[in-house]
There are 2 protein chains.
Amino acid sequence: LKNICFINGDFIPFQEASLKINDLAILRAYGIFDFFRTQNRRPLFIDDHLNRFIHSATHLNLHVPYSKDQMKGLISELLIRNDTLYHEFAFRLLLTGGFTEDGYTPGNPNLIIICEQYNPAPEKHFSEGIKLITHNFVRELAHIKTINYITPISLMPKIKEAGALDVLYHKDGLISEVSRSNFFIVKDSKIITSDAHILKGITRSKLLAIAREGFEVQEGNLFINDLLFADEAFITGTTKKVMPVVKIDDKIIGNGVPGPVVKELLSRFKAIEDNN
Amino acid sequence: LKNICFINGDFIPFQEASLKINDLAILRAYGIFDFFRTQNRRPLFIDDHLNRFIHSATHLNLHVPYSKDQMKGLISELLIRNDTLYHEFAFRLLLTGGFTEDGYTPGNPNLIIICEQYNPAPEKHFSEGIKLITHNFVRELAHIKTINYITPISLMPKIKEAGALDVLYHKDGLISEVSRSNFFIVKDSKIITSDAHILKGITRSKLLAIAREGFEVQEGNLFINDLLFADEAFITGTTKKVMPVVKIDDKIIGNGVPGPVVKELLSRFKAIEDNN
């Protein structure tokens, strides 16, 4: 059985899916994407993801060649075609600048939908927490989900060497986000998250709604110096869910183990997922 | 007759060349490139371009699967195979992060060499000069030639609306570069070019060598405010050569026509080209 993906109107085996090399994603990194998963074999938070996908496309002057409802239909069709392959699924929606005549000017966008196996994060990351390193960097066009991950991928050897899972960006001390997730700290039972130069994550917005039922919540500037006084820290994302951070560079957060607030928030987030 | 390109060991028609969609350039914009042209049907400044290509690859932990001499051989072979198609040629060397297993981790790099027709810039751009607009931006990993052009391509409608040809980047007033060329001003017969957060262009280095024979040259910080006092301005690049800039946003540079210094430098640069 072959994994089936969707590319420009056709359902074809993923291993046979290709783009001509004059696509502007290949020549000029011009493209946007979104990524979501299923829970109980149904797409999770799909409206939020499709809305953000369209928002990203609009910002790059890219026309999405299908309506939201049509895209939902394509996703359902992929779920049917790949039904027996996986227990849960991850979807990657990708829109590129299309085939270019002159190596620079966008053509008609190419739409790709990849349907993969959903690989949950290791349980250990939740039970023990993870480590991050910091890097002085701010993402270009941070509010849209471009395909550009050059900096964090080039940092992979450094991240691994430090025994870390990912990289926390700050610009001269002002924290923005982790390479593929949003960042939070807990201080005196208050939940604080940066809102400067970030991609507003779907999980982030769900988490904020949960947190407001029982906690004080603050969206605003968060600085590297604030980490010194944090009781807990965590990140949110589609695969990361609500994941404890127990070490940042050489600084141990709180007691160096996942704290009560992040455990409580993860538990409440899982309850929402399970209602999907 | 079909245009032939090189991709991962094969010489194939450009129109049939494609990459599987799990290449990291498509999924994560992970790739570098270089671009050069022929003069008198021979590659121009090829050693400089190949050295920079290897430098860019190294910075992204990408192994170039051919030696410099082997790449020269591939380029010669492409010149022979495309011999009757064009009078002069442009080459695009592209190295991607390769096919990824998990959508993030690089695989074995894919090497592509595209051999196109060289399209010179319109004569009018040299005789009348061009206009730029400014944008507060600094390129990520500016010292290497990544494939990332998301910001300038997304600005194309704004550039066109302003009747400009391209965009000049500055960060809070400190000038770096134009989207695909380097920037210079002339003040009291002194030639000044920024060296902060730039890709060090091959044409830039040739131009500096020429300029030092007869002019005072300064590499250093150049600010938007300095434009007010510039006698002339120009940009350098593989296709732009030495191209006069006569207007930046609403500010007319000098007399609004190409000045004597840029004309002299272009003439001397052409003499070097003709010796190729």
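Below is a summary of the structure that appears in this document. On a predicted model such as this, the values are computed, not experimentally measured, just so you know. (Residues numbered from 1 in each chain as written. Chains lettered and ligands numbered in written order. Predicted model: local features only at pLDDT ≥ 70, side-chain atom pairs only at ≥ 80, totals over all residues. Heavy atoms only, no water.)

## So, the sheet that holds strand β4 (residues 31-39) of chain A
All names here are of chain A.
Here is step 1: Across the sheet, six strands lie side by side as β2-β1-β7-β6-β4-β5; this open sheet has antiparallel pairing. In this open sheet, the two strands that pair with only one neighbour each are β2 (10-13) and β5 (42-43).
Here is step 2: Of the pairings in the sheet, the one linking β4 to β5 comprises two bridges and is antiparallel in character. Pairing of Q39 across the sheet is with R42, part of β5.
Here is step 3: Against the sheet, helix α2 (residues 46-59) engages β4, β5, β6 (89-96) and β7 (110-117), with an angle of about 175 degrees to β4. (Pairing = 2+ DSSP bridges. Helix = DSSP H or I, 4+ residues; strand = E, 2+ residues; numbered from the N terminus. Contact = heavy atoms within 4.5 Å. Axes fitted to C-alpha atoms, helices over the stretch in contact; angles between N-to-C directions.)

## What to know about the pairing of strand β11 (residues 182-187) of chain B
Residues and elements named next belong to chain B.
Here is step 1: Here β11 lies mainly inside the structure; five of its six residues are buried.
Here is step 2: Both β11 and strand β14 (residues 232-237) contribute to a ladder of five bridges, which runs antiparallel. The partner of F183 across the bridge, within β14, is I235.
Here is step 3: Here β11 folds back onto strand β12 (residues 190-194) in antiparallel fashion, the turn holding two residues, of which D188 has a positive phi close to 50 degrees. (Buried < 20%, exposed > 50% of the residue type's maximum accessible area, 1.4 Å probe, protein only.)

## Considerations on the interface of chain B and chain A
Interface size, as often reported, equals the accessible area lost upon joining of the parts.
Here is step 1: Each partner contributes to the interface: chain B provides 46 residues, whereas chain A provides 46 residues.
Here is step 2: Between chain B and chain A, roughly 4100 Å² of surface is buried when both sides are summed, and carbon and sulfur atoms account for 64% of that area.
Here is step 3: By the criterion of area lost to chain A, the three top residues of chain B are I21, Y104 and I150 of chain B, representing 19% of everything that side buries.
Here is step 4: Put simply, chain B and chain A have 16 residue pairs in polar contact (both at pLDDT 80 or more) between them.
Here is step 5: Elements supplying a minimum of two residues to the side of chain B that touches chain A: β1 (4-7), β3 (18-20), α1 (24-28), β4 (31-39), β6 (89-96), β7 (110-117), α5 (150-154) and α6 (156-161) of chain B.
Here is step 6: Per-class residue counts for the side of chain B that touches chain A are 28 nonpolar, 13 polar and five charged.
Here is step 7: Relative to β3 of chain B, strand β3 (residues 18-20) of chain A runs antiparallel, the two being bridged by three bridges. Its bridge partner being in β3 of chain B, L19 of chain A is matched across the sheet by L19 of chain B. (Buried area = accessible area lost by both parts, 1.4 Å probe. Polar contact = N/O pair within 3.5 Å; in protein donor to acceptor, adjacent residues only side chain to side chain. Nonpolar A, V, L, I, M, F, W, Y, C, P; charged D, E, K, R; others polar.)

## Things to note about the state of the cysteines
Here is step 1: By the definition in use, this model includes zero disulfides over all chains.
Here is step 2: For C5 of chain B, which is in no disulfide, the shortest distance to another cysteine sulfur is to C115 of chain B and amounts to 9.4 Å. (Disulfide = S-S within 2.5 Å.)

## Some points on the pairing of β7 of chain B
All names here are of chain B.
Here is step 1: Burial of β7 is extensive: six of the eight residues sit out of reach of the surface.
Here is step 2: Here β1 pairs with β7 via two bridges, running antiparallel. Looking at the pairing, F6 lines up with I113 of β7.
Here is step 3: With eight bridges joining them, β6 and β7 adopt antiparallel strand pairing. Bridge pairing in β7 places L93 opposite I113.

## So, unusual backbone geometry
Here is step 1: A positive phi angle, close to 55 degrees, is found at F45 of chain A, a residue other than glycine.
Here is step 2: The residue F45 of chain A is located in the loop between β5 and α2 in this model.

## Points about the relation of the copies chain B and chain A
Here is step 1: Mapping chain B onto chain A is achieved by rotating through 180 degrees and translating by 0.0 Å along the same axis, at an RMSD of 0.0 Å. The two molecules are tied by a two-fold rotation axis, judged by turn and shift.
Here is step 2: A shared interface surface links the copies, since 100% of the contact residues of chain B are contact residues in chain A too. (Least-squares fit on C-alpha atoms with pLDDT ≥ 70 in both.)

## Here we look at the environment of F14 of chain B
Here is step 1: Relative to the assigned elements, F14 of chain B resides in the loop between β2 (10-13) and β3.
Here is step 2: For the pair F14 of chain B and S154 of chain B, spaced 140 residues apart in sequence, the C-alpha separation works out to 26 Å.
Here is step 3: Apart from the residues lying within four places of it in its own chain, the contact partners of F14 of chain B are I21 and N22 of chain A together with N3, I4, C5 and I114 of chain B.

## So, the side chain of S194 of chain B
Residues and elements named next belong to chain B.
Here is step 1: Topologically, S194 is positioned in strand β12.
Here is step 2: There is a polar contact of 2.5 Å between the side chain of S194 and the backbone oxygen of S176.
Here is step 3: Residues contacting S194, with those up to four places away along its chain left out, are I175, S176, F183, R204, G220 and L222.

## So, the environment of K187 of chain B
Residues and elements named next belong to chain B.
Here is step 1: Along the chain, K187 falls in strand β11.
Here is step 2: Each C-alpha atom of the pair K187 and V261 lies 10.0 Å from the other, and the pair is 74 residues apart in sequence.
Here is step 3: Beyond its immediate chain neighbours, meaning those up to four positions away, K187 contacts I192, F229 and D231.
Here is step 4: There is a polar contact of 3.3 Å between the side chain of K187 and the backbone oxygen of F229.

## Details of the packing of helix α7 (residues 202-212) of chain B against helix α8 (residues 260-274) of chain B
Residues and elements named next belong to chain B.
Here is step 1: The N-to-C vectors of α7 and α8 enclose an angle of 110 degrees; their axes lie 10 Å apart at closest approach. Relative to α8, the element α7 lies roughly perpendicular. Seen from above, α7 lies across α8 with right-handed handedness. Along the contact surface, α7 presents T203, K206, L207, I210 and A211, while α8 presents L265, R268, F269 and I272.
Here is step 2: Classifying every residue of the contact of α7 with α8 by side-chain character gives six nonpolar, one polar and two charged. (Parallel < 35°, antiparallel > 145°, perpendicular 65-115°, else oblique. Left-handed = near helix turned anticlockwise from the far one by under 90°.)

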